[in-house]
Amino acid sequence: MREHPCHQHRPGQHTDACLTGDCGFCCTSLTDVASGECRACLRIVCEHCDSGYQADLGPICQPCTPSASASSATGELVEYRLCVFEFDLSCGHTVFVALTGWYPVTVACCDRLGGTILRGDYHPRDSDIDYVRGVHERYELRPEGTPPGATQVIGRLPRTDEPRPPDRLGLKGSAGRYPARVGATFSWDGSIAKPETT
């Protein structure tokens, strides 16, 4: 999918390009159909991609709706924590990540730190998280055993802070605009990365 206008700004701060452009998933023109902001990934989606609307929570797009587990025949509901975080990463980017639960320790962001290739698939080296800001948090009842869903990077901005020394002895400093290290890509089997995976 091509880069969508919702990926070019901080979550929730939509511009006219987001609101009158194309759906964040199927590229349907939003001038022709009803649309709304997905409550999980915060992209503007059309009514076709909106798989469910609840008045107190808002729409949730189909890619953000986890499939129910086949083992949840009892109908027990469990509360899931759905969040959007803003991370300052050691690769020098600020990213917005939508996920279920608490934030991770590392995030695969870009190829700046290097990565590996196996059977033509490129896997970037994970970036450490220097700083965390909570952007959005809500709770939803889902059938017990529902998989948490994949961690999604929904936006990426360059860092603007300068590198600085650590505040306390033994801690790593912030990468700022410049990563603490850069890495080369290593191929495990001699293959090269397919264009769509880099």
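Residues numbered from 1 in each chain as written. Predicted model: local features only at pLDDT ≥ 70, side-chain atom pairs only at ≥ 80, totals over all residues. Heavy atoms only, no water.

*Asks:* Tell me what's going on with the overall build of the protein, and back it up with residues and numbers.
*Replies:* Looking only at helices and strands, one finds one helix and 12 strands in the protein. Written out in order from the N terminus, the α and β elements of the protein read α-β-β-β-β-β-β-β-β-β-β-β-β. The buried share of the protein, taken over its 198 residues, is 36%. (Helix = DSSP H or I, 4+ residues; strand = E, 2+ residues; numbered from the N terminus. Buried < 20%, exposed > 50% of the residue type's maximum accessible area, 1.4 Å probe, protein only.)

*Asks:* An account of the pattern of salt bridges is requested, with residue identities and associated values reported.
*Replies:* Within this structure, the stated rule accounts for five salt bridges. In this structure, E137 and R81 form a salt bridge, with 3.1 Å as the shortest nitrogen-oxygen distance. Of this pair, E137 sits in strand β10 (residues 127–143) while R81 sits in strand β5 (residues 77–89), and the two are 56 residues apart along the sequence. Taking the relative accessible area as the measure of exposure, R81 reaches 16% and is therefore buried. The residue R138 makes a salt bridge to E140 at a minimum N-O spacing of 3.1 Å. Judged on exposure class, the residue R138 and its partner E140 are both buried. (Salt bridge = Lys/Arg side-chain N within 4 Å of Asp/Glu carboxyl O.)

*Asks:* Break down the sheet that holds β10 for me, with residues and values.
*Replies:* Strand order in this open sheet of five strands is β7-β10-β5-β6-β11, and the pairing throughout is antiparallel. Looking along the sheet, the strands with just one partner apiece sit at the ends: β7 (106–107) and β11 (152–158). For β5 and strand β6 (residues 93–100), the ladder comprises seven bridges, and the chain directions are antiparallel. Bridged to F87 within β6 is V95. (Pairing = 2+ DSSP bridges.)

*Asks:* With reference to specific residues and values, describe the side chain of E86.
*Replies:* Mapped onto the secondary structure, E86 falls in strand β5. Setting aside its immediate chain neighbours within four residues, E86 contacts R10, T94, V95, F96, Y131, V132, R133 and V135. (Contact = heavy atoms within 4.5 Å.)

*Asks:* Lay out the nonpolar core in plain terms, naming residues and giving numbers.
*Replies:* When a protein is soluble and globular, its nonpolar side chains tend to lie buried together. By size, the foremost hydrophobic cluster in this structure holds 20 residues, and its most contacted members are C23, C38, C41, V45, C61, C64 and I154. Where this core is concerned, the elements lending two or more residues are β2 (44–46), β4 (58–61), β6 and β11. Of the residues forming this core, the biggest block, three residues, is contributed by β2. F87, L89, V107 and C109 belong to the second-largest nonpolar core, a separate cluster that totals 13 residues. (Core = buried A, V, L, I, M, F, W, Y, C linked by side-chain atoms within 4.5 Å.)

*Asks:* Tell me about the environment of A17, residues and numbers included.
*Replies:* Relative to the elements of secondary structure, A17 occurs in helix α1 (residues 16–20). We classify A17 as partly exposed; its relative accessible area is 43%. Taking the C-alpha atoms as reference points, A17 and P5, 12 residues apart in sequence, are found 6.3 Å from one another.

*Asks:* Pulling in residues and values, what's your account of the side chain of R81?
*Replies:* There is a polar contact of 3.4 Å between the side chain of R81 and the side chain of Y139. With residues up to four places along the chain from it excluded, the contact list for R81 reads L99, T100, G101, W102, E137, R138 and Y139. (Polar contact = N/O pair within 3.5 Å; in protein donor to acceptor, adjacent residues only side chain to side chain.)

*Asks:* An account of the pairing of strand β9 (residues 121–124) is requested, with residue identities and associated values reported.
*Replies:* Relative to β9, strand β8 (residues 115–118) runs antiparallel, the two sharing four bridges. Of the residues in β9, the one forming a bridge with G115 is P124. Here β8 folds back onto β9 in antiparallel fashion, the turn holding two residues, of which R119 has a positive phi close to 55°.

*Asks:* Before we move on, can you summarise the state of the cysteines with the specific residues and values?
*Replies:* As enumerated under the stated definition, the model contains zero disulfides in all. For C109, which is in no disulfide, the shortest distance to another cysteine sulfur is to C91 and amounts to 3.7 Å. (Disulfide = S-S within 2.5 Å.)

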